[in-house]
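# Notes for the structure review
The chain contents come next:
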2 protein chains.
Amino acid sequence: MKILFLISCYYVITTHDVNGYEIFNSERQCYLPPYLKKEIQSYGNFVNDIIQISTTGNYAGEYYNDLSKFIDRYGNRLSGTKNLEESINDIAMKSASKGLEVSLDPVMVPHWVRNYESAHLLSPRKKELNILGLGYSPGTPGSNGITAEVIVVDNFEELEERCAEVSGKIVLFNANFTTYGETVKYRSKGPAKAAKLGAVAALVKSVTPFSIYSPHTGTTSFKNGGPKIPSACVTLEDADFLARLFKRGHKIIVNLQMNAVLKPSTLSRNLLADFRGKQLPNHQVIVSGHIDSWDVGEGALDDGVGAFLALHSLFLLKFMNVPTPKRTMRAVLWTAEELGLIGAQAYLKEHECELQYITAALESDFGSSIPQGLNFEGNDEAYCIVKEIASLFDRLNATTVDKITGVGSDVSVFKPNGIPLIEPRYVNSNYMWFHHTNGDSMRTLNKETMDKNLAVFAATTYILANLSVPLPRPGQTVWDLVPNK
Amino acid sequence: MKILFLISCYYVITTHDVNGYEIFNSERQCYLPPYLKKEIQSYGNFVNDIIQISTTGNYAGEYYNDLSKFIDRYGNRLSGTKNLEESINDIAMKSASKGLEVSLDPVMVPHWVRNYESAHLLSPRKKELNILGLGYSPGTPGSNGITAEVIVVDNFEELEERCAEVSGKIVLFNANFTTYGETVKYRSKGPAKAAKLGAVAALVKSVTPFSIYSPHTGTTSFKNGGPKIPSACVTLEDADFLARLFKRGHKIIVNLQMNAVLKPSTLSRNLLADFRGKQLPNHQVIVSGHIDSWDVGEGALDDGVGAFLALHSLFLLKFMNVPTPKRTMRAVLWTAEELGLIGAQAYLKEHECELQYITAALESDFGSSIPQGLNFEGNDEAYCIVKEIASLFDRLNATTVDKITGVGSDVSVFKPNGIPLIEPRYVNSNYMWFHHTNGDSMRTLNKETMDKNLAVFAATTYILANLSVPLPRPGQTVWDLVPNK
């Protein structure tokens, strides 16, 4: 039978979900050592307790209510702002008061400031366009901004074909949303490509499948030493409108004014809140979300709800007075995710010697919706263990575990180290409708759904921290890790 | 058998739809004179032709494309603006060029101008609130606007209970959307009620079930001689936020600045475009939509798509070169609907002596979605005739006719005269999400769906104009109207 412990058989058919993730959604058969299967299944009562307490018991609504008070107090929290740092202090104090060991890792973070911005269509008719400047975009020169003709392209191929026409113009990238992974490149890379061809500014159709005249901000990347041009996103409505005018042969003139500026970097902090393990305290399960947000909306969906999912996973376990687990459970609230995973990259460097002891890194940064289970990225046998854990969530209909590429945002920095990555898996999320907009508010969240997500995340974190084996990494099998017994 | 012609049997159970309309959605049995049934059914080939031509034939896409060019050229068209009048001129010339007899009825219309407006939460924290002033609202006094404490009420009962606290404050009406009919009263009547109790300004939660931080404007009514206060709508997100702060006991301070002003009334026009009838030219079928819009968004959904549905119903019939019908088909594009059915009321007065000859008034002012059939308001036997006509739309799955109260907006002025009213009936309309917002754009519309709506509206208009009998009015039966034969 030993051979069965070593072999995992898979019938793998890959597809892609709406966010461009590769999904192995085939029938997948897992063979785990019976003792391990039994060990995981022994958490059945614990999981039922956690579900009961978080959804109908004394903890029901705590996660939502605490987040609601936090969001209503601080609102959005862009890196570089005093507001972000005060919100971090607040959470540090709260975490300490719950009995967690708190530390704040200093991180130098970007301080991009939006300031005044506007775009006006001047010809063929006058109309104010609703824009949001993109993170790292420079401002427009002088006091009157840039007034230039607009050229509309649907994709990079069309930009290349029309490259002779681009110089001195504003390029509008009018790509329609397919998946986030596929479409976001027009925001992140489009402005730099346009700048290289001599464009004076770039407009990007918001990366979303749906809009009520809602522009979506985000960062754009300029290569070191390469030309930088003022860049902003426009609504789907305005992009469609300008594209129709362009196709009809109208000469489109737009005035763009942006006073955005990249100020000197400032000091922020990654917040680490530990529920210290007993037998293997230097071994860790990381459960995380980012505390910073964009400067529009309230940062409730992206990523208050994720940061507080990590926090409340530990708060709930403390509240339940669970036995101290084998390994340390560490809630990490990353700083400056939005400006390029700055906090996560700093953590990777600062905590290099600990990386070998991270059994898994959990993250929530895709909003909050009805839980369906978990997404997983890593070793196939580790996947099987996580799937076995998720089988305990049948009361929540949340037993699906999909092995995908692209789990997490911040925790993706751990991928080269082979650390198993885990995130919630949702049904029917409208996350992309609200992402990086003024509509990112408590209204996008649901108390009952959040309670269920909390049960899933807290239980997964605890079981992984307490399991007799860590999750295997690439090249390892569960058999290598079987504890002496 | 004669008795059967006279009796219509109904099993009527009333319910209410999402807009608060009363629906008679029971099994309803109609007994029409066999000759009339036969006459209506004889239009089967005509209806199939019209569906073919508008959806896959030479007219497919014409309605959408023409509207798109119009909207892209003019954008929104608030009463009192030169833009509205130029757009009316444009349509008048286009209608004349299609062989319709055009007349423009002068109407004095309100000229309310929004100008600069803003709202800032000052305490317990600073936040800009996204508002839209309500039509007819006065501006705020002085150069600093109004800074006052906010009191939040969920409904009028709560306003009454707290009436002693209202004086000197800004009242926020935080009513959650149930149906439009039920919820819109907080916008139309709330500010006047608050003013009467001494409030210095009013904020109203936008009348919509869904938001991406999208405020919805609309008119508010102040009684003649009663106090007027600056009034604006806020987003669902901000209303929820302020309500949470209020319930937690925070003192909420808001600064409101509105430079709105009601200027002297100006001259506009109702546009009448006639396809003149042969035997009974002074008898009419009116097919209509309103040409004005709010000053936010593009006025594509409300009501460009309706105005152009009326227009293109006649354009399509001209294009098909249909035989001249018995009665005149009149497309009416009402002016200044948004500020209180001003155009329709003027028409009622101006055309009083023609009202007896209007066999039916059709209107589209509820956006555009997948056609399901028609809504009808009027005599029960007239309903049966319309239902028989709709039976011809089985190829479009659009044979449902519901007898409801509240058909149309402008044509509702004809209701006291007993004129049968007809509007499109849609499946799954998200109209209220975009209504009176900056999201009212061509993007809310679908070319293929519009082609189908056009077939339904054009065919219904033509058959009614050509039928041997007019639609009976209250107190009449089909039998009274049986033509001599």
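The structure presented is a predicted model; accordingly, all values stated were derived computationally and were not measured. (Residues numbered from 1 in each chain as written. Chains lettered and ligands numbered in written order. Predicted model: local features only at pLDDT ≥ 70, side-chain atom pairs only at ≥ 80, totals over all residues. Heavy atoms only, no water.)

## Focus: helix α5 (residues 82-97) of chain A
All names here are of chain A. To keep things clear, this is the line we draw: Put simply, DSSP H or I for four residues or longer makes a helix, DSSP E for two residues or longer makes a strand, and each gets a number counted from the N terminus. In this analysis, the expected span of each helix is defined as 1.5 Å times one less than the number of residues it contains. Residue contacts follow a heavy-atom distance rule, with two residues in contact if any of their heavy atoms lie within 4.5 Å.
For α5, with 16 residues, the first-to-last C-alpha span of 23 Å sits near the 22 Å given by 1.5 Å per residue. Buried-residue contacts for α5 involve α4 (62-74), β5 (101-113), β14 (261-275), α12 (300-319) and β16 (327-334). Phi turns positive, to about 90°, at Gly 99, one or two residues after α5.

## Things to note about the interface of chain B and chain A
As a reminder of what qualifies: Defined in terms of a 1.4 Å probe, buried area is the accessible area two parts forfeit on being brought together, summed over both. Every case where a carboxyl oxygen of Asp or Glu lies within 4 Å of a side-chain nitrogen of Lys or Arg is listed as a salt bridge. Counting of polar contacts relies on pairs of N or O atoms within 3.5 Å, with two restrictions inside protein: one atom must be capable of donating a hydrogen and the other of accepting it, and residues adjacent in sequence are counted only when both atoms are side-chain atoms.
Residue-level contacts link 32 residues of chain B with 32 residues of chain A. When the buried area of chain B at its contact with chain A is split by residue, B:Asp72, B:Ile212 and B:Arg443 rank highest and sum to 28% of it. There are 10 salt bridges connecting chain B and chain A. A salt bridge links B:Arg443 to A:Asp240; the shortest N-O distance between them is 2.8 Å. On the surface where chain B and chain A come into contact, there are 18 residue pairs in polar contact (both at pLDDT 80 or more).

## Some remarks on the relation of the copies chain B and chain A
Relating one copy of the chain to the other requires a rotation about an axis plus a shift along that axis. In plain terms, the rule: Superposing copies: least-squares fit, C-alpha atoms only, residues required to have pLDDT of at least 70 in both.
Overlaying chain B with chain A gives an RMSD of 0.0 Å, the required rotation being 180° about an axis along which the chain moves by 0.0 Å. What we have between these two chains is a two-fold relation. Across chain B, the rotation axis passes nearest the C-alpha of B:Ile212, at a separation of 3.1 Å. By residue overlap, the copies meet face to face through one surface: 100% of the interface positions of chain B are interface positions in chain A.

## What about the domain arrangement of chain A?
All names here are of chain A. Put simply, the test is: How far each domain reaches was decided by an automatic or database domain assignment. Gly is placed with the polar residues, together with every amino acid not listed as nonpolar (Ala, Val, Leu, Ile, Met, Phe, Trp, Tyr, Cys and Pro) or charged (Asp, Glu, Lys and Arg).
The domain architecture assigned to chain A consists of domain 1 (7-111 + 265-481) and domain 2 (115-259). Computed over C-alpha atoms, the centres of domain 1 and domain 2 are 35 Å apart. Contacts between domain 1 and domain 2 engage 16 residues on the former and 18 residues on the latter. Between domain 1 and domain 2, roughly 1,300 Å² of surface is buried when both sides are summed, and carbon and sulfur atoms account for 68% of that area. Inspection of the domain 1/domain 2 interface yields zero salt bridges. On inspection of domain 1 and its partner domain 2, the count reaches four residue pairs in polar contact (both at pLDDT 80 or more). In terms of residue count, helix α15 (residues 431-434) provides more of the side of domain 1 that touches domain 2 than any other element does, three residues in total. When the residues that make up the side of domain 1 that touches domain 2 are grouped by side-chain class, the tally is nine nonpolar, five polar and two charged.

## Side note on a positive patch on the surface
Put simply, the rule is: A patch is a set of surface residues, each over 30% in relative accessible area and not in a salt bridge, joined within 9 Å for like charges and within 5 Å for the nonpolar side chains Val, Leu, Ile, Met, Phe, Trp and Tyr. In short, Shrake-Rupley with a 1.4 Å probe defines the accessible areas, and a residue's cover is counted only from the protein chains shown. His is not counted, nor are the chain ends; Lys and Arg add positive charge and Asp and Glu add negative charge. To locate a charge, take NZ of a lysine, CZ of an arginine, CG of an aspartate or CD of a glutamate.
On the surface, a cluster of positive charge is made up of A:Lys185, A:Lys189, A:Lys193, A:Lys196 and A:Lys223. Here A:Lys189 shows up in the loop between α9 (185-188) and α10 (190-196).

## Thoughts on the UniProt feature "domain: Peptidase M28" (unreviewed entry) in chain A
For the record, the criterion: UniProt positions are given in the numbering used here, feature names are shortened, and annotations may be inferred rather than shown by experiment.
If you check UniProt for "domain: Peptidase M28" (unreviewed entry), the listed places come out as residues 270-459 of chain A in our numbering. Structurally, residues 270-459 of chain A comprises 30% helix and 27% strand, and the distance from its first C-alpha atom to its last is 24 Å.

## What about the sheet that holds strand β12 (residues 231-234) of chain A?
All names here are of chain A. Here is the rule: We call two strands paired when DSSP finds no fewer than two bridges between them. Under this scheme, a helix contributes an axis fitted over its contacting stretch, all axes are lines through C-alpha atoms, and angles between N-to-C directions fall in the 0 to 180 degree range.
Sheet architecture is open: eight strands sit in the order β7-β6-β13-β9-β10-β11-β12-β8, paired in mixed fashion. Two strands close off the open sheet at either side, each with one partner strand: β7 (127-129) and β8 (131-133). Across the sheet, the axes of successive neighbouring strands diverge by a mean angle of 30°, strand direction being ignored. Bridge count between strand β9 (residues 146-153) and strand β13 (residues 253-258): four bridges; the pairing is antiparallel. Note that in β13 the partner of Glu 149 across the bridge is Ile 253.

## Focus: the environment of B:Asn58
Residue and element names in this part refer to chain B. Which entries qualify depends on this criterion: Exposure categories follow from relative accessible area, calculated using a 1.4 Å probe and restricted to protein chains: below 20% of the type maximum is buried, above 50% is exposed, and the middle band is partly exposed.
Position of Asn 58 relative to the elements: it lies in the loop between α3 (44-55) and α4 (62-74). In this structure Asn 58 comes out as exposed when scored by relative accessible area, which is 65%. Note: C-alpha distance between Asn 58 and Met 320 (262 residues apart in sequence) is 9.8 Å. With sequence-adjacent residues up to four places away left out, Asn 58 is seen in contact with Ile 53 and Phe 319.

## Thoughts on the packing of aromatic side chains
Inclusion rule: Aromatic rings from Phe, Tyr and Trp, with only the six-membered ring used for Trp, were paired whenever their centres fell within 6.5 Å, and each pair was classed as stacked if the ring planes differed by under 30 degrees, edge-to-face if by over 60, and tilted otherwise. By the criterion adopted, a ring carries a charge over it if an Arg CZ or a Lys NZ lies within 6 Å of its centre and within 35 degrees of its normal.
Applying the stated criterion to the full structure yields 36 aromatic pairs over all chains. When the centroid spacing of 6.1 Å and the interplanar angle of 75° are considered together, the rings of A:Tyr347 and A:Phe414 count as edge-to-face. Taken together, the positions of A:Tyr347 in helix α13 (residues 342-350) and A:Phe414 in the loop between β19 (400-405) and β20 (421-427) put the pair 67 residues apart, joining distant regions of the chain. For the pair shown, A:Tyr347 and A:Phe414 are each scored as buried. Geometrically, the ring pair formed by B:Phe156 and B:Phe173 is edge-to-face, given 5.8 Å between the ring centres and 80° between the ring planes. Here B:Phe173 lies in strand β8 (residues 170-173) and B:Phe156 lies in helix α6 (residues 156-161), a separation of 17 residues in the sequence. Overall, B:Phe173 belongs to the buried group, its relative accessible area being 0%. Within the aromatic cluster, the residues linked to one another by ring pairs are A:Phe210, A:Trp433, A:Phe434, B:Phe210, B:Trp433 and B:Phe434. For B:Lys98, the ring lying beneath its charged end belongs to B:Phe315, and the centroid distance is 5.3 Å.

## Digging into the packing of α12(A) against helix α16 (residues 447-466) of chain A
All names here are of chain A. Selection rule: An angle below 35 degrees is read as roughly parallel, one above 145 as roughly antiparallel, one from 65 to 115 as roughly perpendicular, and any other as oblique. Crossing handedness is read from the near helix: turned anticlockwise from the far helix by less than a right angle, it gives a left-handed crossing, and turned clockwise, a right-handed one.
Contact geometry for α12 and α16: axes closest at 9 Å, N-to-C directions at 60°. With respect to each other, α12 and α16 are oriented oblique. In the crossing of α12 with α16, the sense of the turn from one axis to the other is right-handed. Two secondary-structure elements touch here, α12 through Val 305, Leu 309, His 312, Ser 313, Leu 314, Leu 316 and Leu 317 and α16 through Met 450, Asn 453, Leu 454, Phe 457, Ala 458, Thr 461 and Tyr 462. In the contact of α12 with α16, the residues fall into 10 nonpolar, four polar and no charged.

## Remarks on the pairing of strand β9 (residues 201-205) of chain B
Residue and element names in this part refer to chain B. Taking burial as the measure, the five residues of β9 include five buried ones, the bulk of the element. Here β8 pairs with β9 via four bridges, running parallel. Residue Leu 172 lies in a different strand from β9, and its bridge partner there is Leu 203. Where β9 lies against strand β10 (residues 231-234), four bridges are found, and the strand directions are parallel.

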